[in-house]
Amino acid sequence: MDDLDQLLNTLITEVRQQPPNSIKWRLSMHRLLLKIQQLPGLAKSSHPDYRVALNRTLEYISLNLVKFDLNSPSVSESFLKWINSYLGWRIRDLYSPDKNAPLSLDAPIASDFGEITLLDKLPNFTLSGLDGLIEISQRETTQRIGLELKLYIEQDPEGKLKNSYPSSSVQCNCQFLSQRLGLIEPPDKVADIAGELSIPYTTVNSHWKRKCKPILQKIAEDLGYKQEQSL
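Note that the structure is a prediction, hence the values are computed from the model and not measured. Residue positions are counted from 1 within each chain, in the order its sequence is given. Local features in a predicted model are, by the rule used here, given only for residues with pLDDT of at least 70; side-chain atom pairs are given and counted only at 80 or more, and totals for whole chains, interfaces and linings are based on all residues. Side-chain metrics in this entry use all non-hydrogen atoms of the structure; hydrogen atoms and water are not considered.

## Details of the pattern of salt bridges
Rules: Salt bridge, as used here, is a side-chain nitrogen of Lys or Arg placed within 4 Å of a carboxyl oxygen of Asp or Glu. Runs of E in the DSSP output that reach at least two residues are strands. Runs of H or I that reach at least four are helices, and both are numbered from the N terminus. Working definition: with a 1.4 Å probe on protein chains only, accessible area under 20% of the residue-type maximum means buried, over 50% means exposed, and in between means partly exposed.
Inspection of the entire model under this criterion finds four salt bridges. Between Arg90 and Asp93 there is a salt bridge, with its nearest N and O atoms 2.8 Å apart. Taken together, the residues Arg90 and Asp93, both in helix 4 (residues 75–94) and three residues apart, mark about one turn of the helix. Assigned by exposure class, Arg90 and Asp93 land together as buried. The residue Arg180 makes a salt bridge to Glu196 at a minimum N-O spacing of 2.9 Å. Taken as a pair, Arg180 in helix 7 (residues 174–182) and Glu196 in helix 8 (residues 190–197) lie far apart in primary sequence, 16 residues in all. Each of Arg180, Asp188 and Glu196 takes part in one network of salt bridges that share partners.

## Section: the packing of helix 8 against helix 9 (residues 201–223)
In helix packing, the relevant descriptors are the interaxial angle and the interaxial distance, both defined with respect to the helix axes. Definition in use: Interaxial angle, 0 to 180 degrees, is taken between N-to-C directions of lines fitted to C-alpha atoms, where a helix line uses only the stretch in contact. Under this scheme an angle from 65 to 115 degrees is roughly perpendicular, one under 35 degrees roughly parallel, and one over 145 degrees roughly antiparallel; angles in between are oblique. Crossing handedness: left-handed means the near helix sits turned counterclockwise from the far one by under a right angle, and right-handed means the same turn made clockwise. Working rule for contacts: check all heavy atoms of both residues, and any pair within 4.5 Å makes them a contact. Classification used: nonpolar for Ala, Val, Leu, Ile, Met, Phe, Trp, Tyr, Cys and Pro, charged for Asp, Glu, Lys and Arg, polar for all others including Gly.
As a packed pair, helix 8 and helix 9 sit with axes 8 Å apart at the nearest point and diverge in direction by 120°. Classified by the interaxial angle, the pair formed by helix 8 and helix 9 is oblique. The handedness of the crossing between helix 8 and helix 9 comes out as right-handed. Where helix 8 abuts helix 9, its residues Val190, Ala191, Ile193 and Ala194 lie against Tyr201, Val204 and Asn205. Its residues assigned to classes, the contact of helix 8 with helix 9 shows six nonpolar, one polar and no charged.

## Looking at the state of the cysteines
The following threshold applies: A pair of cysteine sulfur atoms is labelled a disulfide when the two atoms are within 2.5 Å.
Applying the stated criterion across every chain, the model contains one disulfide. Here Cys174 is linked by a disulfide to Cys212, with a sulfur-sulfur distance of 2.2 Å. Since a negative S-S torsion denotes a left-handed disulfide, the Cys174-Cys212 link at about -85° is left-handed. Of the two residues, Cys174 is situated in helix 7 and Cys212 in helix 9; the sequence distance between them amounts to 38 residues. Left without a disulfide partner, Cys172 is nearest to the cysteine sulfur of Cys212, which lies 7.0 Å away. Residue classification places Cys172 among the buried residues on the basis of a relative accessible area of 0%.

What follows is the structure in structure tokens.
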């Protein structure tokens, strides 16, 4: 098994080991979806709406990963073939006049439990507690941005969040506040955080609103959030 086979095997296994739709599952799935987009040989298209086809494919994978057979001589080859077989049809849909309309998440589909919608089947990747930061019209884009923003907050790869803090408390940084006020449900109270850190309520509240929210807004925009909306 080569390096790519081993990596994909690990990523897929990690997803399957987590309770569906849990935070760990979402983060594991996100890492897998990011890797998929970097796979050599992934089907491409110059169509301006290629990202729509790719997003639909990524969501298909998130809903149907259990169907992929890991018992293959080459996990990477069989996984890429499985992905491209679906992605190829989604790309073809882009060039069909009858299928150019955005995917309707409210359209009824058949299931073992009767008639449901695609929206009923999608995992909820939306962050809570960030004042509707990623409540945008396309749910597939919302979910991708929400998950990527959640992962960014947890990892803070550039140190933007951790390095923003009031002079009176290094611990009261934007990563810490984002985790306490944005990544848990229900979010902690600002007053409780202030008491825990032994600093004034106004210090925590002001830093969150004046520094942290604008940073999160910019990060979300860099991830693809485009709607004019303040935090």
